[in-house]
Amino acid sequence: MRLDKFLCDALGATRKEATKIIKSGDVSVNGAVVKSGSTKVSDDCLVEWQGREIAKQGPRYIMLYKPEGFVCSHEDGFNHTAFVLLDEVKMENLHFAGRLDVDTTGLVLITDDGKWSHRITSPKHKCSKVYRVWLADPVQPEYVEQFSKGIELKNEKEPTLPAELVIVDEQENEVLLTIQEGKYHQVKRMFAALGNKVEHLHREQIGTLSLDENLQPGEYRYLTQEEVDSF
Ligand code: URA
(Lines give C-alpha, C1' and ligand atoms only; values in the text may rest on other atoms or scores of the structure.)
Protein backbone atom coordinates (compact mmCIF):
# COMPACT_ATOMS: atom_id res chain seq x y z
CA MET A 1 0.00 0.00 0.00
CA ARG A 2 1.16 3.60 -0.62
CA LEU A 3 2.27 5.48 2.48
CA ASP A 4 -0.22 8.31 1.91
CA LYS A 5 -3.11 5.82 1.63
CA PHE A 6 -1.86 4.05 4.77
CA LEU A 7 -1.94 7.37 6.68
CA CYS A 8 -5.41 8.23 5.37
CA ASP A 9 -6.74 4.89 6.65
CA ALA A 10 -4.87 4.89 9.95
CA LEU A 11 -5.35 8.56 10.89
CA GLY A 12 -8.67 9.28 9.21
CA ALA A 13 -6.85 12.00 7.24
CA THR A 14 -7.66 13.23 3.72
CA ARG A 15 -5.11 12.53 0.97
CA LYS A 16 -4.14 16.24 1.08
CA GLU A 17 -3.60 16.14 4.85
CA ALA A 18 -1.63 12.90 4.59
CA THR A 19 0.65 14.44 1.95
CA LYS A 20 1.25 17.48 4.20
CA ILE A 21 2.07 15.25 7.20
CA ILE A 22 4.55 13.23 5.11
CA LYS A 23 6.18 16.35 3.63
CA SER A 24 6.72 17.76 7.14
CA GLY A 25 9.34 15.04 7.73
CA ASP A 26 7.59 13.67 10.84
CA VAL A 27 6.86 10.27 9.31
CA SER A 28 9.35 7.42 9.28
CA VAL A 29 9.21 3.90 7.89
CA ASN A 30 11.38 1.33 9.64
CA GLY A 31 13.28 4.14 11.34
CA ALA A 32 14.06 6.21 8.22
CA VAL A 33 12.29 9.53 7.51
CA VAL A 34 10.24 9.27 4.31
CA LYS A 35 8.94 12.30 2.42
CA SER A 36 7.20 10.70 -0.52
CA GLY A 37 3.57 9.59 -0.31
CA SER A 38 4.09 7.00 -3.03
CA THR A 39 6.53 5.01 -0.86
CA LYS A 40 5.23 1.46 -0.57
CA VAL A 41 4.61 0.06 2.93
CA SER A 42 3.85 -3.57 3.70
CA ASP A 43 2.26 -5.23 6.75
CA ASP A 44 5.58 -5.78 8.50
CA CYS A 45 6.74 -2.13 8.15
CA LEU A 46 6.99 0.00 11.29
CA VAL A 47 5.38 3.34 10.42
CA GLU A 48 5.90 6.12 12.97
CA TRP A 49 4.57 9.66 13.20
CA GLN A 50 6.47 11.97 15.56
CA GLY A 51 8.16 8.91 17.03
CA ARG A 52 4.95 7.02 17.86
CA GLU A 53 3.92 3.88 16.07
CA ILE A 54 0.83 4.34 13.91
CA ALA A 55 -1.58 1.46 14.26
CA LYS A 56 -2.14 -0.25 10.95
CA GLN A 57 -5.62 -0.20 9.54
CA GLY A 58 -7.61 -2.79 11.38
CA PRO A 59 -8.51 -3.43 14.99
CA ARG A 60 -6.49 -1.95 17.82
CA TYR A 61 -5.70 -3.81 21.03
CA ILE A 62 -4.23 -1.71 23.83
CA MET A 63 -3.03 -2.38 27.37
CA LEU A 64 -3.13 0.68 29.65
CA TYR A 65 -1.74 1.04 33.16
CA LYS A 66 -4.65 3.02 34.62
CA PRO A 67 -3.66 5.40 37.42
CA GLU A 68 -6.03 6.56 40.15
CA GLY A 69 -8.40 9.39 39.33
CA PHE A 70 -9.43 8.31 35.81
CA VAL A 71 -12.74 6.74 34.79
CA CYS A 72 -13.20 3.97 32.24
CA SER A 73 -15.85 5.68 30.11
CA HIS A 74 -15.97 8.30 27.36
CA GLU A 75 -17.81 10.90 29.43
CA ASP A 76 -17.95 11.54 33.14
CA GLY A 77 -18.37 15.28 33.56
CA PHE A 78 -16.45 15.15 36.84
CA ASN A 79 -13.34 12.93 36.54
CA HIS A 80 -10.90 12.61 33.66
CA THR A 81 -11.66 9.79 31.28
CA ALA A 82 -8.75 7.33 30.88
CA PHE A 83 -8.99 8.01 27.13
CA VAL A 84 -7.09 11.28 27.68
CA LEU A 85 -4.05 9.08 28.41
CA LEU A 86 -4.13 7.72 24.85
CA ASP A 87 -2.51 9.41 21.92
CA GLU A 88 -4.78 7.76 19.35
CA VAL A 89 -6.89 8.74 16.38
CA LYS A 90 -10.55 7.76 15.98
CA MET A 91 -10.90 7.63 19.76
CA GLU A 92 -14.69 7.39 19.48
CA ASN A 93 -14.30 3.84 18.08
CA LEU A 94 -12.47 2.59 21.18
CA HIS A 95 -14.05 1.03 24.24
CA PHE A 96 -12.89 -0.60 27.47
CA ALA A 97 -12.88 -4.40 27.65
CA GLY A 98 -13.91 -4.31 31.30
CA ARG A 99 -13.84 -1.27 33.55
CA LEU A 100 -12.02 -0.31 36.71
CA ASP A 101 -13.36 2.07 39.35
CA VAL A 102 -11.95 5.60 39.45
CA ASP A 103 -9.78 4.74 42.48
CA THR A 104 -8.60 1.34 41.16
CA THR A 105 -5.24 1.10 39.42
CA GLY A 106 -3.76 -1.38 36.98
CA LEU A 107 -4.46 -3.27 33.81
CA VAL A 108 -7.24 -2.18 31.47
CA LEU A 109 -7.68 -3.39 27.91
CA ILE A 110 -8.99 -1.03 25.23
CA THR A 111 -10.05 -1.98 21.74
CA ASP A 112 -12.30 -1.24 18.80
CA ASP A 113 -13.01 -4.95 18.29
CA GLY A 114 -16.35 -5.71 19.96
CA LYS A 115 -16.18 -9.45 19.39
CA TRP A 116 -12.80 -9.65 21.08
CA SER A 117 -13.87 -7.60 24.12
CA HIS A 118 -16.97 -9.77 24.45
CA ARG A 119 -14.70 -12.77 25.07
CA ILE A 120 -13.20 -10.87 28.01
CA THR A 121 -16.32 -9.33 29.52
CA SER A 122 -19.07 -11.85 28.85
CA PRO A 123 -19.85 -13.93 31.98
CA LYS A 124 -20.22 -16.92 29.64
CA HIS A 125 -16.48 -16.97 28.94
CA LYS A 126 -15.43 -16.88 32.63
CA CYS A 127 -12.28 -14.91 31.86
CA SER A 128 -10.24 -14.66 35.07
CA LYS A 129 -9.03 -11.37 36.54
CA VAL A 130 -6.38 -11.13 39.25
CA TYR A 131 -6.52 -8.28 41.75
CA ARG A 132 -4.02 -7.30 44.41
CA VAL A 133 -6.03 -6.01 47.33
CA TRP A 134 -5.03 -4.07 50.43
CA LEU A 135 -7.66 -4.27 53.18
CA ALA A 136 -8.47 -1.97 56.08
CA ASP A 137 -8.73 -4.81 58.60
CA PRO A 138 -6.77 -8.04 59.13
CA VAL A 139 -7.33 -10.89 56.68
CA GLN A 140 -9.16 -13.76 58.41
CA PRO A 141 -7.92 -17.28 57.55
CA GLU A 142 -11.53 -18.40 56.91
CA TYR A 143 -11.77 -15.93 53.99
CA VAL A 144 -9.98 -18.44 51.75
CA GLU A 145 -12.76 -21.00 52.16
CA GLN A 146 -15.53 -18.40 52.06
CA PHE A 147 -14.26 -17.06 48.73
CA SER A 148 -13.87 -20.57 47.31
CA LYS A 149 -17.53 -21.31 48.13
CA GLY A 150 -18.86 -18.02 46.70
CA ILE A 151 -19.97 -14.91 48.57
CA GLU A 152 -23.52 -13.64 48.99
CA LEU A 153 -23.55 -10.05 47.81
CA LYS A 154 -26.10 -7.43 48.82
CA ASN A 155 -28.86 -7.04 46.20
CA GLU A 156 -27.77 -10.14 44.24
CA LYS A 157 -29.86 -13.30 43.97
CA GLU A 158 -26.98 -15.70 43.30
CA PRO A 159 -23.72 -15.96 45.26
CA THR A 160 -20.53 -15.09 43.38
CA LEU A 161 -18.70 -17.82 41.48
CA PRO A 162 -15.93 -19.58 43.43
CA ALA A 163 -12.92 -17.27 43.71
CA GLU A 164 -9.34 -17.93 44.73
CA LEU A 165 -7.85 -15.94 47.60
CA VAL A 166 -4.15 -16.05 48.43
CA ILE A 167 -2.89 -14.25 51.52
CA VAL A 168 0.26 -12.37 50.49
CA ASP A 169 1.20 -10.36 53.58
CA GLU A 170 -0.77 -10.58 56.82
CA GLN A 171 0.96 -7.53 58.35
CA GLU A 172 -0.04 -5.35 55.37
CA ASN A 173 -3.51 -6.96 55.00
CA GLU A 174 -2.53 -7.76 51.41
CA VAL A 175 -4.14 -10.53 49.33
CA LEU A 176 -4.37 -11.70 45.74
CA LEU A 177 -7.88 -12.44 44.52
CA THR A 178 -8.81 -14.22 41.28
CA ILE A 179 -12.40 -13.87 40.10
CA GLN A 180 -14.14 -14.89 36.91
CA GLU A 181 -16.93 -12.32 36.89
CA GLY A 182 -17.13 -8.56 36.62
CA LYS A 183 -20.14 -7.46 38.63
CA TYR A 184 -20.39 -3.79 39.58
CA HIS A 185 -17.79 -3.03 42.32
CA GLN A 186 -17.47 -6.78 42.72
CA VAL A 187 -14.24 -7.02 44.72
CA LYS A 188 -15.20 -4.21 47.09
CA ARG A 189 -18.63 -5.75 47.62
CA MET A 190 -17.15 -9.22 48.25
CA PHE A 191 -14.96 -7.92 51.06
CA ALA A 192 -17.75 -5.69 52.39
CA ALA A 193 -19.94 -8.80 52.67
CA LEU A 194 -17.32 -10.25 55.02
CA GLY A 195 -17.20 -7.04 57.09
CA ASN A 196 -13.89 -5.78 55.71
CA LYS A 197 -13.07 -2.80 53.48
CA VAL A 198 -10.87 -2.47 50.40
CA GLU A 199 -8.31 0.30 50.93
CA HIS A 200 -6.62 -0.09 47.58
CA LEU A 201 -7.29 -2.25 44.55
CA HIS A 202 -4.92 -2.99 41.68
CA ARG A 203 -5.63 -5.28 38.70
CA GLU A 204 -2.56 -7.28 37.74
CA GLN A 205 -3.85 -9.79 35.21
CA ILE A 206 -6.69 -10.56 32.79
CA GLY A 207 -6.77 -14.13 31.48
CA THR A 208 -3.10 -15.04 31.05
CA LEU A 209 -2.13 -11.45 30.24
CA SER A 210 -0.23 -9.58 32.97
CA LEU A 211 0.26 -5.83 33.23
CA ASP A 212 3.59 -5.09 31.50
CA GLU A 213 6.07 -4.18 34.23
CA ASN A 214 7.79 -1.73 31.87
CA LEU A 215 4.69 0.46 31.86
CA GLN A 216 4.41 3.31 34.35
CA PRO A 217 0.98 4.51 35.56
CA GLY A 218 -0.67 6.35 32.66
CA GLU A 219 1.38 4.59 29.95
CA TYR A 220 0.12 2.13 27.37
CA ARG A 221 1.26 -0.17 24.60
CA TYR A 222 -0.28 -2.28 21.84
CA LEU A 223 -0.75 -5.99 22.47
CA THR A 224 1.28 -8.47 20.46
CA GLN A 225 -0.61 -10.82 18.14
CA GLU A 226 0.07 -13.65 20.57
CA GLU A 227 -1.46 -11.65 23.43
CA VAL A 228 -4.51 -10.78 21.32
CA ASP A 229 -4.96 -14.45 20.42
CA SER A 230 -4.69 -15.56 24.06
CA PHE A 231 -8.34 -14.59 24.63
N1 URA B 1 -14.00 -4.72 41.63
C2 URA B 1 -14.18 -3.52 42.21
O3 URA B 1 -14.79 -3.43 43.26
N4 URA B 1 -13.66 -2.43 41.61
C5 URA B 1 -12.92 -2.49 40.47
O6 URA B 1 -12.43 -1.46 39.99
C7 URA B 1 -12.72 -3.74 39.88
C8 URA B 1 -13.28 -4.85 40.47
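These figures come from a predicted structure and were not determined experimentally.

A. Structural view of the pairing of strand E5 (residues 61-66). Of all six residues that make up E5, six are buried, and the element is covered over most of its length. Because side chains alternate across E5, one face comprises the buried residues Tyr61, Met63 and Tyr65, and the other comprises Ile62, Leu64 and Lys66, equally buried. In terms of strand pairing, E5 meets strand E9 (residues 105-111) through six bridges, oriented antiparallel. Bridged to Met63 within E9 is Leu109. One ladder, built from three bridges, connects E5 with strand E15 (residues 220-222); its direction is antiparallel. Directly across from Ile62, in E15, lies its bridge partner Tyr222.

B. Region of the structure containing the domain arrangement of the protein chain. Domain assignment breaks the protein chain into domain 1 (3-54), domain 2 (61-122 + 209-229) and domain 3 (128-206). Distance between the C-alpha centres of domain 1 and domain 2: 25 Å. With six residues of domain 1 at the interface, the matching set in domain 2 holds five residues. On the domain 1 side of the contact with domain 2, Leu11, Arg52 and Glu53 bury the most area, a combined 69% of that side's loss. Where domain 1 packs against domain 2, one counts one salt bridge. Arg52 is paired through a salt bridge with Asp87; the nearest N and O atoms lie 3.3 Å apart. For the side of domain 1 that touches domain 2, the secondary structure elements donating two or more residues are helix H1 (3-11) and strand E4 (52-53). Per-element accounting of the side of domain 1 that touches domain 2 gives the leading share, three residues, to H1.

C. Expanded view of the sheet that holds strand E2 (residues 32-33). Reading across the sheet, the four strands line up as E2-E1-E3-E4 and stay open at both edges, with antiparallel pairing between neighbours. The open sheet has two free edges, formed respectively by E2 and E4, since each of these has just one partner strand. In the sheet, strand E3 (residues 47-49) pairs with E4 via two bridges, with the strands oriented antiparallel. Pairing of Glu48 across the sheet is with Glu53, part of E4.

How each quantity is defined
Residues numbered from 1 in each chain as written. Predicted model: local features only at pLDDT ≥ 70, side-chain atom pairs only at ≥ 80, totals over all residues. Heavy atoms only, no water. Buried < 20%, exposed > 50% of the residue type's maximum accessible area, 1.4 Å probe, protein only. Helix = DSSP H or I, 4+ residues; strand = E, 2+ residues; numbered from the N terminus. Pairing = 2+ DSSP bridges. Domains from an automatic or database assignment. Contact = heavy atoms within 4.5 Å. Buried area = accessible area lost by both parts, 1.4 Å probe. Salt bridge = Lys/Arg side-chain N within 4 Å of Asp/Glu carboxyl O.

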